[in-house]
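What follows is each chain in one-letter form.
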Amino acid sequence: MKEFGKLIDHAIKIGLNGGIEYAWTAEQVPELIEVLRTYNVPILGGDVYKYVDNKLEHTFDTWYLPLNDISNNIEKTFLYTSEYIKNYENNDGQFVYVIIIHNIDWKLLRGATEV
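Residues numbered from 1 in each chain as written. Predicted model: local features only at pLDDT ≥ 70, side-chain atom pairs only at ≥ 80, totals over all residues. Heavy atoms only, no water.

1. Focus on the packing of aromatic side chains
Step number 1: The full count for this structure, using the stated rule, is 5 aromatic pairs.
Step number 2: Their ring planes at 90° and their centres at 4.9 Å tell us that Tyr88 and Phe95 sit as a pair that is edge-to-face. Grouping residues by exposure puts Tyr88 and Phe95 together as buried.
Step number 3: Taken together, the ring pairs in this structure connect Trp63, Tyr84, Tyr88, Phe95 and Tyr97 into an aromatic cluster. (Phe/Tyr/Trp six-rings, centres within 6.5 Å; stacked < 30°, edge-to-face > 60°. Buried < 20%, exposed > 50% of the residue type's maximum accessible area, 1.4 Å probe, protein only.)

2. Considerations on helix α2 (residues 29-38)
Step number 1: Among all positions in α2, only Val29, Leu32, Ile33, Val35 and Leu36 are buried. All buried residues of α2 lie within an arc of 160° about the axis, which places them on one face of the element.
Step number 2: Positioned one or two residues after α2, Asn40 has a phi angle of 55°, which is positive. (Helix = DSSP H or I, 4+ residues; strand = E, 2+ residues; numbered from the N terminus. Arc of directions from axis to C-beta.)

3. Some thoughts on the sheet that holds strand β3 (residues 45-52)
Step number 1: A sheet is described by the order of its strands in space; here 5 strands give the open sequence β1-β2-β5-β3-β4, paired in antiparallel fashion. The open sheet has two edge strands, β1 (12-16) and β4 (55-64), and neither has a second partner. Ignoring which end each strand starts from, the neighbouring axes of this sheet average 35° apart.
Step number 2: Against the sheet, helix α4 (residues 74-88) touches β3, β4 and β5 (95-100), its axis set at about 135° to β4. (Pairing = 2+ DSSP bridges. Axes fitted to C-alpha atoms, helices over the stretch in contact; angles between N-to-C directions. Contact = heavy atoms within 4.5 Å.)

4. Here we look at the side chain of Thr81
Step number 1: With respect to the helices and strands, Thr81 occurs in helix α4.
Step number 2: Looking at Thr81, the relative accessible area reads 0%, which means it is buried.
Step number 3: In contact with Thr81, other than residues within four places in its own chain, are Ile33, Ile43, Trp63 and Ile99.

Here you go:
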């Protein structure tokens with residue numbers, strides 16, 4: 001899972017309410033999706049941030065899939081995320097995307113990179 005650690009190292013860190021979220025550019029997301037696919041980790045949804053005056057601001061645009069869609073077809077989560085970001089990139093501006101995965105999967109991926 002070293003590739004996940006590499007992706008985290010290159011992620012954009014967003015400090016929120018004492019925590020950190022990780023965001024990726026549209027160019028980085030396909031590699032992240034491939035790692036998640038390899039480990040069968042579904043994407044629950046995501047948030048969009050935009051650079052405004054060199055600062056990240058939440059656009060309040062998000063995407064998600066209902067849980068029954070996720071459990072029935074993990075591949076659908078990757079396709080939906082890819083399509084959402086591809087379509088969003090048609091907007092004016094420079095955007096980054098927070099990809100939301102289940103907390104248990106997050107701990108599994110993070111823990112495996114630290115071993």
